Amino acid sequence: MTVKTRFAPSPTGYLHIGGVRTALYSWLHARQYNGKFILRIEDTDRERSTQESVEAIIEGMNWIGLGYDEGPIFQTDRFDRYAEVISQLIEQGDAYHCVCSREELDAMREAQRANKEKPRYNGKCRDAKHNGADVESVIRFRNPVEGDVVIDDLIKGQIIINNRELDDLIIARSDGTPTYNLTVVVDDLDMGVTHVIRGDDHINNTPRQINMMKALGTIMRADLPKFAHAPMILGDDGKRLSKRHGAVSVMQYRDEGFFPQALLNYLLRLGWSHEDQEIFSREEMIELFKLENVNGAPSTFNTKKLLWVNEQYIKTLPAAEIAEHLQWHLDDQRLDVSNGPALNDVIEAHRDRAKTLRELAASIRYYYEDFSEYDEKATKKHFKTATPNILQNLSDKFSKLSDWNAENIQAEIYASCDELELGMGKVGPALRVAVTGSGTSPSLDITLALVGQQRSLQRLEKSVAFAKQKYA
RNA sequence: GUCCCCAUCGUCUAGCGGUUAGGACACCGCCCUUUCACGGCGGUAACCGGGGUUCAAGUCCCCGUGGGGACGCCA
């Protein structure tokens, strides 16, 4: 049987980072076994589902690079099928109409809580034989009363829940629409899902779903999928990761300058490991990932580690690939790189100095645009009374250079130091500020080579004037 | 409250009865250095508590404690 997994988010917001992790696990498991990965949109709650959310999920999946083989499948397109299954359940006695009002149910729960019991439906209509014609009614699944449900969870191990803990859940609302626990069961069965991989906040739903699957076994496939419940991701306060912890939407990570594969790499290592390896290529992930090795304990999201992982990708990815991802940030920061040095060369010079693509984009502006102001701190620290003289000396030498490359530039800088009888520490920093406007840049020879001879000379000329006026 | 899950450095983890408890991030030193980084070397730092089982327990069992989750006509 071919392995089939699915990612089944509900479109009620952005694509969440926790969702991405379970999607990744599902995707990896499918890819590892040459199986199929489905994207299914669980939009049965029409009140809260939105088209924007659907688009956000798809955009997120595209950016992060988890390709699906089927879908997106919308549950709202399958209402006829769910109705059919619900009728069948009623017919075979595994579901029934319930006429209890919301008020009645609320009161019931409140009383149970007051009584220190777990709130659940008391089964009042279970044997009342309502036919749903007279009054408004919902449909409930008739859960077995006795016995245990055993889940052999691929991550958590064996979990046993007694049917006493479960109540008769609603599978169709009073308006006739099906609810999550019914649709997920029908879909996983119909679509041939072999491995249900999801967050462990669903563990409590699993025994109910297994009971329904068993009830449906007569008319649908009788084999059950395997289950794997991945633990939640926690914020640094130990609470479940949410908006108040910062970025939880996957697209926010793009905006902040992360590579999709770095985010994936980080998420993979959060709760899973393979020996001492930290960085995994896509191929290695597929080859090495094992559901069985996923840690059962929840883990805390750590942005600093994510930054480090991202840094590793900036340091090692081919410049051309970095350029592709950098483009979004260049557009975002309104930087046109057509008029200046080759972007790939600039990336090579800066890749050891940025942790994110956003930082990288922000740090290379001076190659492409003239700056109107010098960094105040830098001029204060490095521009002295001798500065005009130094810069003029450098400028004279640079202007005579016929071959503008790093090696020659370096030689001229040293020659200047000798001639002026100054150390590099006096000459270098001033030159850097003059040409880049800032106190930091790659080594000067490379920086100047990239900025270009003409631009460098213009900037030197400008800075001589500036330094004279200000420090003479 | 009830049920379910979980428990090794601050964080992510290795460990699957016998280890000087390993690695990574972060942090702190030192080195490299024209800036900022990168890099190199070194360091601080953990088995939640209590009972068992065993010659031997971080590892197995039980009970606490702590954290997380679920308890909707949400998914």
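Presented here is a report on the structure given in the accompanying data block. Keep in mind that this is a model prediction, so the values were computed, not measured.

1. Quick notes on the side chain of D168
- Secondary-structure assignment places D168 in the loop between β7 (157–162) and β8 (170–172).
- A polar atom in the side chain of D168 sits 2.6 Å from the side chain of Y96.
- Of note is the side chain of D168, whose polar atom sits 2.8 Å from the side chain of R126.
- Ignoring any residue separated from it by four or fewer positions in sequence, one finds D168 in contact with Y96, Y121, R126, R140, F141, R142 and N143.

2. Side note on the packing of aromatic side chains
- For the structure shown, the criterion picks out 14 aromatic pairs.
- Look at Y374 and F466: their rings are 4.7 Å apart centre to centre, the planes differ by 40°, and that puts the pair in the tilted class. Of the two residues, Y374 is situated in the loop between α13 (357–363) and α14 (376–382) and F466 in helix α19 (residues 453–471); the sequence distance between them amounts to 92 residues.
- With relative accessibility at 22%, the residue F466 sits in the partly exposed group.
- Here the aromatic residues Y25, W272, F280 and F289 are joined through ring pairs into a cluster of three or more.
- Above the plane of the ring of Y121 lies R140, whose end atom (NZ or CZ) is 3.5 Å from the centre.
- Taking the ring centre of F371 as reference, the NZ or CZ of K462 above it sits at 5.8 Å.

3. Examining the packing of helix α5 (residues 180–190) against helix α6 (residues 206–216)
- Direction vectors running N to C along α5 and α6 enclose 55°, while the axes themselves pass 10 Å from each other. Relative to α6, the element α5 is oriented oblique. Classified by chirality, the crossing of α6 by α5 is right-handed. Residues Y180, N181, L182, V184, V185, D188 and L189 of α5 form the contact with α6, whose participating residues are Q209, M212, M213 and L216.

4. A word on the packing of helix α17 (residues 424–436) against helix α18 (residues 444–451)
- The N-to-C vectors of α17 and α18 enclose an angle of 25°; their axes lie 11 Å apart at closest approach. In terms of orientation, α17 lies roughly parallel with respect to α18. Relative to α18, α17 is oriented so that their crossing is left-handed. Here G428, L431, R432, V435 and T436 of α17 lie close against α18, whose contacting residues are L444, T447, L448 and V451.
- Grouping the constituent residues of the contact of α17 with α18 by class yields five nonpolar, three polar and one charged.

5. Focus: the sheet that holds β8
- The strand order across the open sheet built from three strands is β4-β5-β8, with neighbouring strands paired in antiparallel fashion. The strands lining the two open edges of the sheet, one partner per strand, are β4 (95–98) and β8. The mean angle between the axes of side-by-side strands here comes to 45°, regardless of whether they run parallel or antiparallel.
- Sheet analysis places β4 next to strand β5 (residues 138–141), joined by four bridges and oriented antiparallel. When the bridges of β5 are listed, A95 appears paired with F141.

Cut-offs applied
- Throughout, residues of each chain are indexed from 1 in the direction in which the sequence is written.
- Each chain gets a letter, beginning with A, and each ligand a number, beginning with 1, in the order they are written.
- Under the rules for a predicted model, residues below a pLDDT of 70 receive no local features and side-chain atom pairs below 80 are neither given nor counted, while totals for whole chains, interfaces and linings still include all residues.
- Side-chain figures throughout are based on the complete set of non-hydrogen atoms in the structure, without hydrogens or water.
- Secondary structure elements are defined from DSSP: runs of H or I of at least 4 residues count as helices, runs of E of at least 2 residues count as strands, and each element is numbered from the N terminus.
- Polar contact criterion, stated in full: a pair of N or O atoms within 3.5 Å, where within protein one must be able to donate a hydrogen and the other to accept it, and residues adjacent in sequence count only if both atoms are side-chain atoms.
- The contact criterion used is simple: two residues touch if any of their non-hydrogen atoms lie within 4.5 Å.
- Side-chain rings of Phe, Tyr and Trp (the six-membered ring for Trp) are treated as a pair once their centres are within 6.5 Å; stacked means planes under 30 degrees apart, edge-to-face means over 60, and tilted covers the remaining angles.
- Here the term buried applies to any residue with accessible area under 20% of the maximum for its type, exposed to any over 50%, and partly exposed to those in between, with areas from a 1.4 Å probe on protein chains only.
- Two limits define a charge over a ring: the Lys NZ or Arg CZ must be within 6 Å of the ring centre, and within 35 degrees of the ring normal.
- Whenever a helix is involved, its axis is fitted only over the stretch in contact; in every case the axis is a line through C-alpha atoms, and angles between N-to-C directions fall within 0 to 180 degrees.
- By the definition adopted for this analysis, an angle is roughly parallel if under 35 degrees, roughly antiparallel if over 145, roughly perpendicular if from 65 to 115, and oblique otherwise.
- By convention, the crossing between two helices is left-handed when the near helix turns anticlockwise from the far helix through less than a right angle, and right-handed when the turn is clockwise.
- In this count, Pro and Cys sit with the nonpolar residues alongside Ala, Val, Leu, Ile, Met, Phe, Trp and Tyr, while Asp, Glu, Lys and Arg are called charged and the others, Gly among them, polar.
- In this description, strands pair whenever DSSP reports at least two bridges between them.

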